[in-house]
Number of protein chains: 2
Amino acid sequence: MISIESGIVFGPELCGCIHKLNPSHVFIVTDSVVGPLYGPKLKNSLSCLGCPVHILEFPAGDVHKTRATKEYLEDQMLQKSAGRDTCIIALGGGVVLDVAGYLASTYCRGVPLIMVPTSLLAMNDASIGGKNAVNTPYGKNLIGTTYLPQATFCDLDFLETLPLEELKNGFVEMIKHAIILDADFFAFLQTNAKALLNLDMSKLAYAVQKSCELKMLVVRTDTYEEGLRRILNFGHTVGHAIELKSEYRVSHGRAVASGIIVEAAYAVRKGYLQPMVLEQIKALFSSFGIETMACDGFSEKDLYECMCMDKKALKHRPRVVIIKEIGQVESFDGAFCTEYDVLEMGIL
Amino acid sequence: MISIESGIVFGPELCGCIHKLNPSHVFIVTDSVVGPLYGPKLKNSLSCLGCPVHILEFPAGDVHKTRATKEYLEDQMLQKSAGRDTCIIALGGGVVLDVAGYLASTYCRGVPLIMVPTSLLAMNDASIGGKNAVNTPYGKNLIGTTYLPQATFCDLDFLETLPLEELKNGFVEMIKHAIILDADFFAFLQTNAKALLNLDMSKLAYAVQKSCELKMLVVRTDTYEEGLRRILNFGHTVGHAIELKSEYRVSHGRAVASGIIVEAAYAVRKGYLQPMVLEQIKALFSSFGIETMACDGFSEKDLYECMCMDKKALKHRPRVVIIKEIGQVESFDGAFCTEYDVLEMGIL
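Everything quoted here is computed from the prediction, not taken from an experiment.

A.B. asks: So what exactly am I meant to see when it comes to the overall build of chain A here?
C.D. replies: Counting secondary structure elements, chain A contains twelve helices and twelve strands. By the compact-globule yardstick of 20 Å for 348 residues, chain A fits well, its C-alpha radius of gyration being 20 Å. Taken along its principal axes, the extent of the C-alpha atoms in chain A is 60 × 45 × 35 Å. The 348 residues of chain A split such that 61% are buried. The contacts of chain A with a sequence gap of at least 6 include a subset with a gap of at least 24, amounting to 76%. Within chain A, one finds 33 positive and 40 negative side-chain charges whose respective centroids are separated by 3 Å.

A.B. asks: Got a minute to help me understand the state of the cysteines in this structure?
C.D. replies: Such a bond, covalent and formed between the sulfur atoms of two cysteines, is termed a disulfide. All names here are of chain A. On inspection of all chains with the given rule, the structure shows two disulfides over all chains. In this model C15 forms its disulfide with C48; the gap between the sulfur atoms is 2.1 Å. Between C15 and C48, the S-S dihedral sits near 70°, and the bridge is therefore right-handed. Pair noted here: C15 is in helix α1 (residues 12-21) and C48 is in the loop between α2 (34-45) and β3 (53-58), with a separation of 33 residues, a long-range link. The closest cysteine sulfur to the non-disulfide-bonded C108 is located on C87, 14 Å from its own sulfur. A relative accessible area of 3% means that C108 is categorised as buried. Among the cysteines around C212, which has no disulfide bond, C154 carries the closest sulfur, lying 4.7 Å off.

A.B. asks: Is there a simple way to explain the relation of the copies chain A and chain B in this structure?
C.D. replies: For the pair of chain copies, the relating transformation is a rotation about an axis with a translation along it. Overlaying chain A on chain B yields an RMSD of 0.0 Å, the required transformation being a rotation through 180° with an accompanying axial translation of 0.0 Å. Taken together, the turn and the small shift mark the pair as related by a two-fold rotation axis.

A.B. asks: What should I look at first to understand the pairing of strand β8 (residues 151-155) of chain B in this one?
C.D. replies: As a general feature of sheets, a regular strand has side chains that alternate between the two faces. All names here are of chain B. With five of its five residues buried, β8 lies for the most part within the structure. The alternating pattern of β8 places A151, F153 and D155 and T152 and C154 on opposite faces, both of which are buried. Pairing of strand β5 (residues 113-117) with β8, which is carried by two bridges, proceeds in the parallel orientation. Of the residues in β8, the one forming a bridge with M115 is T152.

A.B. asks: Would you mind showing me how to read the pattern of salt bridges here?
C.D. replies: If the charged atoms of two oppositely charged side chains come close together, the side chains can form a pair. Under the counting rule described, the total for this entry stands at 38 salt bridges over all chains. Here A:K65 makes a salt bridge to A:D98, at a shortest N to O gap of 2.7 Å. With A:K65 in the loop between β3 and α3 (67-79) and A:D98 in helix α4 (residues 94-106), this pair connects stretches of sequence that are 33 residues apart. Between A:K131 and A:E225 there is a salt bridge, with its nearest N and O atoms 2.3 Å apart. Taken together, the positions of A:K131 in the loop between α5 (120-124) and β6 (134-136) and A:E225 in the loop between α8 (201-221) and α9 (236-245) put the pair 94 residues apart, joining distant regions of the chain. Given a relative accessible area of 7%, A:E225 falls into the buried group. Each of A:R67, B:K70, B:E71, B:E74 and B:D75 takes part in salt bridges that share partners, so that together they form one network.

About the criteria used
- Residues numbered from 1 in each chain as written.
- Chains lettered and ligands numbered in written order.
- Predicted model: local features only at pLDDT ≥ 70, side-chain atom pairs only at ≥ 80, totals over all residues.
- Heavy atoms only, no water.
- Helix = DSSP H or I, 4+ residues; strand = E, 2+ residues; numbered from the N terminus.
- Rg over C-alpha atoms; globule rule 2.2 N^0.38 Å.
- Buried < 20%, exposed > 50% of the residue type's maximum accessible area, 1.4 Å probe, protein only.
- Contact = heavy atoms within 4.5 Å.
- Lys, Arg positive; Asp, Glu negative; His and termini not counted.
- Charge placed at Lys NZ, Arg CZ, Asp CG, Glu CD.
- Disulfide = S-S within 2.5 Å.
- Least-squares fit on C-alpha atoms with pLDDT ≥ 70 in both.
- Pairing = 2+ DSSP bridges.
- Salt bridge = Lys/Arg side-chain N within 4 Å of Asp/Glu carboxyl O.

Below, the structure written as structure tokens:
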């Protein structure tokens, strides 16, 4: 269930959903930024459940998305003798959702999970599809599982206090879903960029719902990424490499937007995509105020090395998703990605 | 695929199975006891693969079945830049299979796993059905996943060097499968106890195959233990409590055998089971030389508290599986377990 609400109403619907699970304990997993803002309010709204509701906080930031944080959270739950009939609510952005999702998937071999994303990026990305992970010193998201939440609640009022840069990170994922899956949605985003940036709530509700539905469609078809789901990685092979090489000074959104441009340009050079479409994509990012030149300054070789660590890589050779036009990807007989030829990396 | 062989032939069949997975790296995960004995031989037999084969060893023993050990193994794999196209071979007893299974299930969100159990218990239990876990200071097997292996290879020659007590641990699981699922197999075990204890290879091959098939049947029906799979916990609610209270001085086999007797006696007192059947079960354990009085000396209250931490517990009240006769369990409308009434704990 995805429920899109405008107005942070943690009330009856969320409570009803958890009530059905009949848990002995509820743990709200959140971080040190979101927790103080929304944790107590969410906890109060769950008093109707008649079971203990605990708030577990960890320090905010990607640097705390680690195995150590997961272990700390596990110990907190074990200390309270939480068993398999426990429910975890993930309240926060992508980092919280990833850590809480991994935690839920392995606690007593899996307990029910409810996602309450508080950023536009998390609403479009981490809250849908069940992929979770933690980072290691060797790379991002290398340890984790695929574990679907019982429900996701998107409350658009969270976005009112979100910094503009954070909002843009979310719009990048939305634009990506449009590029790979839906030309009409791409056109909607072209027309409504300004309204969305100004948080026009009715347009935003439509866009979030549409973007989530598009992702859900892919995830339902191929939950464990054996083929089709790889298309959701469009822009991310190069994007992750940019993040890694910049030591995460470049935001996820800018890195992926730049990755989308590099990978779309690769599709043009390989003859799959009309150059005009690449220009349309660049223009759409531009109308959202999103910079797409984040890979400037990195050498081909450096980025390529990072791309080899990408989880889609085969025999240490990176693979990328290829778009043919807006809303269409090349299937490559069901592989939905193809090897990235190092000799063709001219524009990096 | 389960392949039962007599004679430790790691050769063509195992190699062919891994070859199909086309991995970039193979990691043999094993412990400091089994590794030196069989690790190099297994590694040599995989030279045909044409990819690097690494042996990863950790110190033997349940005390090393921890989150720290899993993290150590992950770091070893990450250091070698192993990606999603990696294959993990678990070579060892239950501890190794559990750690390696959990490792495989979360490395790059899941890589292929091959089980090579080297103990009779592991052949009957950990190698089938995909449950894995590590221990925490708060209890056993509380963190893990359910993740099915690609294949399991049981080589009976491993058993030649196994201490008698270890063998008995395996026979307990076999007997449990017979009690809950198959009266004919129970009769086979009654007739052939002595031959099996003497490692009569043809009878042992039949018994291992049958026991694995019985478990597989249950696991295929209910992989994630939403109902039927709970019957595999028969004897384990009380058994795990005995292990915990004895601080693991009582072996897993003796603890579970004692748990089976306590839980079967509970079924008798509740009117589900004929007293004569309880005597038959006691006699079968006895003919295998398996002691079933391991709970003597513990108080009801102590054991009950430990039972409340069992993963089947609901609202901190333990539940047990109830047998009606040999080969039949009570379904309780699909729950396949029922609350253990503390007032009925007379015999503990």
